[in-house]
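If you want the building blocks of each chain, they are given just below.
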2 protein chains.
Amino acid sequence: MEFEMKHIDPATLQKQVTVHAPGTVANLVCGFDVLGMCLNAPYDIMEVRLLDEKKITIISKDGYQLPTDPAQNTAGAPLIEMLEEIDAIIGFEITIEKLIKPGSGIGSSAASAAGAVVAANHLLGNIFTNEDLVRFAMFGEKVATGVKHADNIAPCIYGGVTLIRSIFPLDIIALPAPDFFVTVVHPQIEVRTSDARQILRKEVLLKDAIKQWGNIAGLVAGLLKKDAALVGRSLEDVIIEPVRSILIPGFDEVKKGCKEAGALGGGISGSGPSIFMLSTNEATAKEVETVMKNVYEKIGISYHTYVTTINAAGVQVIAASC
Amino acid sequence: MEFEMKHIDPATLQKQVTVHAPGTVANLVCGFDVLGMCLNAPYDIMEVRLLDEKKITIISKDGYQLPTDPAQNTAGAPLIEMLEEIDAIIGFEITIEKLIKPGSGIGSSAASAAGAVVAANHLLGNIFTNEDLVRFAMFGEKVATGVKHADNIAPCIYGGVTLIRSIFPLDIIALPAPDFFVTVVHPQIEVRTSDARQILRKEVLLKDAIKQWGNIAGLVAGLLKKDAALVGRSLEDVIIEPVRSILIPGFDEVKKGCKEAGALGGGISGSGPSIFMLSTNEATAKEVETVMKNVYEKIGISYHTYVTTINAAGVQVIAASC
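Residues numbered from 1 in each chain as written. Chains lettered and ligands numbered in written order. Predicted model: local features only at pLDDT ≥ 70, side-chain atom pairs only at ≥ 80, totals over all residues. Heavy atoms only, no water.

- Chain A appears in an unreviewed UniProt entry as Homoserine kinase from Segetibacter aerophilus.
- Listed under Function (unreviewed entry) in UniProt, the entry text for chain A is "Catalyzes the ATP-dependent phosphorylation of L-homoserine to L-homoserine phosphate."
- Under the UniProt heading Pathway (unreviewed entry), the entry covering chain A gives this text: "Amino-acid biosynthesis; L-threonine biosynthesis; L-threonine from L-aspartate: step 4/5." (UniProt positions renumbered as here; feature names shortened; annotations may be inferred.)

1. Quick look at the UniProt feature "domain: GHMP kinase C-terminal" (unreviewed entry) in chain A
Item 1. According to UniProt, the "domain: GHMP kinase C-terminal" (unreviewed entry) feature falls on residues 220–297 of chain A.
Item 2. Helix makes up 54% of residues 220–297 of chain A and strand makes up 12%, while its end C-alpha atoms are separated by 35 Å. (Helix = DSSP H or I, 4+ residues; strand = E, 2+ residues; numbered from the N terminus.)

2. Looking at the packing of aromatic side chains
Item 1. The full count for this structure, using the stated rule, is 2 aromatic pairs over all chains.
Item 2. Consider the rings of Phe128 of chain A and Phe136 of chain A, whose centres lie 5.0 Å apart with planes at 90°: the pair is edge-to-face. Across the pair, Phe136 of chain A and Phe128 of chain A agree in class, each one buried.
Item 3. A cation over an aromatic ring shows up here: Lys148 of chain B above the ring of Phe139 of chain B, its NZ or CZ 3.9 Å from the ring centre. (Phe/Tyr/Trp six-rings, centres within 6.5 Å; stacked < 30°, edge-to-face > 60°. Buried < 20%, exposed > 50% of the residue type's maximum accessible area, 1.4 Å probe, protein only. Lys NZ or Arg CZ within 6 Å of the ring centre and 35° of its normal.)

3. As for the packing of helix 1 (residues 76–84) of chain B against helix 2 (residues 108–123) of chain B
All names here are of chain B.
Item 1. One way to put it is that helix 1 packs onto helix 2 with a least axis distance of 8 Å and a crossing angle of 35°. Considering only the axes of helix 1 and helix 2, their crossing is right-handed. Residues Pro78, Leu79 and Met82 of helix 1 form the contact with helix 2, whose own contacting residues are Ala113, Ala116, Val117, Ala120 and Asn121.
Item 2. For the contact of helix 1 with helix 2, a count of residues per class yields 7 nonpolar, 1 polar and no charged. (Axes fitted to C-alpha atoms, helices over the stretch in contact; angles between N-to-C directions. Left-handed = near helix turned anticlockwise from the far one by under 90°. Contact = heavy atoms within 4.5 Å. Nonpolar A, V, L, I, M, F, W, Y, C, P; charged D, E, K, R; others polar.)

4. Some words on the relation of the copies chain A and chain B
Put simply, the two copies of the chain differ by a rotation about an axis and a shift along that axis.
Item 1. Rotating chain A by 180° and translating it 0.0 Å along the rotation axis places it on chain B, where the RMSD comes to 0.0 Å. Put plainly, the chains are arranged around a two-fold axis.
Item 2. Mapped onto chain B, 100% of the interface residues of chain A are again interface residues, and the two copies thus contact each other with one and the same surface. (Least-squares fit on C-alpha atoms with pLDDT ≥ 70 in both.)

5. Overview of unusual backbone geometry
Item 1. Following Phe168 of chain A, the chain continues to Pro169 of chain A via a peptide bond in cis, the omega torsion being -5°.
Item 2. Summarising the element assignment, Pro169 of chain A is placed in the loop between strand 7 (161–166) and strand 8 (171–175).
Item 3. With an omega of 5°, the peptide bond running from Gly272 of chain B to Pro273 of chain B counts as cis.
Item 4. Looking at the secondary structure, you find Pro273 of chain B in the loop between strand 11 (265–268) and strand 12 (275–279).
Item 5. In this model, Asn126 of chain B sits at a positive phi of 55°, which is unusual for a non-glycine residue.
Item 6. Counting through the fold element by element, Asn126 of chain B comes out in the loop between helix 2 and helix 3 (130–145).
Item 7. Notably, Lys226 of chain B is not glycine yet its phi reads approximately 50°, a positive angle.
Item 8. Mapping Lys226 of chain B onto the fold places it in the loop between helix 6 (206–225) and helix 7 (228–234).

6. A word on the nonpolar core
Item 1. Phe92 and Trp213 of chain A together with Phe92 and Trp213 of chain B are the most contacted members of the largest nonpolar core, which totals 172 residues.
Item 2. Other than its neighbours up to four places away in sequence, Trp213 of chain B contacts Cys30, Gly31, Phe32, Val34, Gln212, Trp213, Ile216 and Ile239 of chain A together with Leu206 of chain B. (Core = buried A, V, L, I, M, F, W, Y, C linked by side-chain atoms within 4.5 Å.)

7. Overview of the pattern of salt bridges
Item 1. Under the definition given, this model contains 30 salt bridges over all chains.
Item 2. For Glu253 of chain A, the salt bridge is made with Lys298 of chain A, and the minimal N-O distance between the two is 2.4 Å. With Glu253 of chain A in helix 9 (residues 251–260) and Lys298 of chain A in helix 10 (residues 282–299), the pair connects residues that are 45 residues apart, well separated along the chain.
Item 3. A single salt-bridge network, built from bridges that share partners, covers Arg165 and Asp171 of chain A together with Arg233 and Glu236 of chain B. (Salt bridge = Lys/Arg side-chain N within 4 Å of Asp/Glu carboxyl O.)

8. Overview of the domain arrangement of chain A
All names here are of chain A.
Item 1. You can read the domains of chain A as domain 1 (6–175 + 311–321) and domain 2 (181–309).
Item 2. For domain 1 and domain 2, the distance between their C-alpha centroids amounts to 25 Å.
Item 3. Listed per partner, the contact involves 27 residues of domain 1 and 34 residues of domain 2.
Item 4. Counting the surface domain 1 buries against domain 2, the share from its top three residues, Val29, Cys30 and Phe32, is 29%.
Item 5. Across the contact surface, domain 1 and domain 2 share 0 salt bridges.
Item 6. Connecting domain 1 to domain 2 are 8 residue pairs in polar contact (both at pLDDT 80 or more).
Item 7. With 7 residues, the single largest contributor to the side of domain 1 that touches domain 2 is strand 3 (residues 35–51).
Item 8. The class makeup of the residues in the side of domain 1 that touches domain 2 is 16 nonpolar, 9 polar and 2 charged. (Domains from an automatic or database assignment. Buried area = accessible area lost by both parts, 1.4 Å probe. Polar contact = N/O pair within 3.5 Å; in protein donor to acceptor, adjacent residues only side chain to side chain.)

9. Thoughts on the packing of helix 6 (residues 206–224) of chain A against helix 6 of chain B
Item 1. Between helix 6 of chain A and helix 6 of chain B, whose axes approach to 9 Å, the crossing angle comes to 30°. Regarding the angle of helix 6 of chain A to helix 6 of chain B, the classification is roughly parallel. Pair helix 6 of chain A / helix 6 of chain B crosses with right-handed handedness. Contacts between helix 6 of chain A and helix 6 of chain B involve Ala209, Gln212, Trp213, Ile216, Ala217, Val220, Ala221 and Leu224 of chain A from the former and Ala209, Gln212, Trp213, Ile216, Ala217, Val220, Ala221, Leu224 and Lys225 of chain B from the latter.
Item 2. Split by residue class, the contact of helix 6 of chain A with helix 6 of chain B holds 14 nonpolar, 2 polar and 1 charged. (Parallel < 35°, antiparallel > 145°, perpendicular 65-115°, else oblique.)

10. Comments concerning the interface of chain A and chain B
Item 1. Opposite the 37 residues of chain A that make contact, chain B presents 37 residues.
Item 2. Between chain A and chain B, the buried area comes to about 2900 Å², and carbon and sulfur atoms account for 67% of it.
Item 3. Along the contact surface separating chain A from chain B lie 6 salt bridges.
Item 4. In this assembly, chain A and chain B are joined by 15 residue pairs in polar contact (both at pLDDT 80 or more).
Item 5. Counting only elements with at least two residues in the side of chain A that touches chain B, the list comes to strand 7, strand 8, strand 10 (203–205), helix 6 and helix 7 (228–234) of chain A.
Item 6. It is helix 6 of chain A that contributes the most residues to the side of chain A that touches chain B, 13 residues altogether.

So, in structure tokens, the structure goes:
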């Protein structure tokens, strides 16, 4: 596909912007590879500064050993692509304070990619559409996981819940952000996305696939009809979870305990190891957090938990200056 | 599961009712086994008369050689089940004028089953819920096809578009009836539901299943957001249609021609041989009909066509008397 070059006058642009780039939950249990949801916490803090040369610089303010070569960095690669479509001698310096731990399964790489493109687009006067931004940001996911996928990128940029009906051509459908509470536990074990993908079978039973598409249809209907009970009944995954949950110690106990504590339902966040649960109120979301803590205290695995809500806005501009 | 017996006083009941039991389109392209849609035409005309003995009688007013033994009849079997849950000495005489040709793929057997239970329930003062009625009517589908399925029954009883998220336990979600026009062509060839089912592979590629659940999610979102273009883009079936369409001469030509004529999209109705297409206006729906006619004139297969709309009400009571 050919894209039109954007003409801009660098003299008119703002010079610096700070954004919050939030975590996201991909798959949403029954929507493997097509659904994602944006969280209000945790989030990375990113500053992007306009340069007067065609160059990308990455500065890391956190302790993570991520590549600073822009072509190998999940924030840098998308901006290299964006610059290809801009007819002006400009560049970007990106300072990243990563608060979403890499490998947690709540969209750490997507936050860097989405934060970078939203921030840069803000400096450029929002000349690109959200769909353009997703297209650029997917280059960051390719750097991180080897695959262009959008189920974290899209909700991070659009906010709320997004359906990626198709990647080629890109077809993103924004769904409403229900006012649920989200509890996340990140057990501090490593599950590599590539391993989590390899463990899956290439073929699935038709009868299981039918159950799965009944559930995703129910989930989308529940979100649009604001029917929390239907959302809860539809949060069932008969294909991916039975295989991937084996990689996450304590998964079954967490899930059972959280549902007994009143959670609507939940499951693996992305490819794990984080587990998320939805609740209709904060008190339940906190009881769910206690269940999660107790399981990992008992097993003896370090963990982080978050009690948060669904982020309707996606990446947010916090400050900008000339 | 145990169901409570219903107590009624036969003396207080109406004695006779006439209903229209409409055709339905199961699967809706990407919703194999879980979605269905109710049509305004064609429909069967059914009269149900209350009897004062525990007995079901079937009278056929059409030329079809369907079984008149109630246990073997798609209208009779559901009422046998219904009577099991009624604590009174009553029965029903059912007169059926079938206008939906058996084997057409637009829910002929479901119309008989759904029409019978809605009519009988009307005489009983609507003591059963729609979900109860689906439960009874599925015994008719079992007689007709050997399998209890609800993707024609549910839309015939509820009207509009229905999602059957689960059969055991039954979980039916009513979706809105968009104001689309529906064009149906029934090429007069025989495709037996059991053959159409046997031809399917028991395993499917995960990557195809992902496309399919992206599409059903898009279709449900499109129906609820009243986004006709999204409905059109989502009417894609990468799993069932490529296999089953082989049984329907002219299918590819009909589909291509109808989309060129402006149809949103469509595909096989149920297990075929009927093909349906959705359009946003009547003029397009009629052009689509011309395309269908031309294809079957050229091939030399007899056919019926219908240009109709989506039926929001399902089975309708036309007349009742004491």
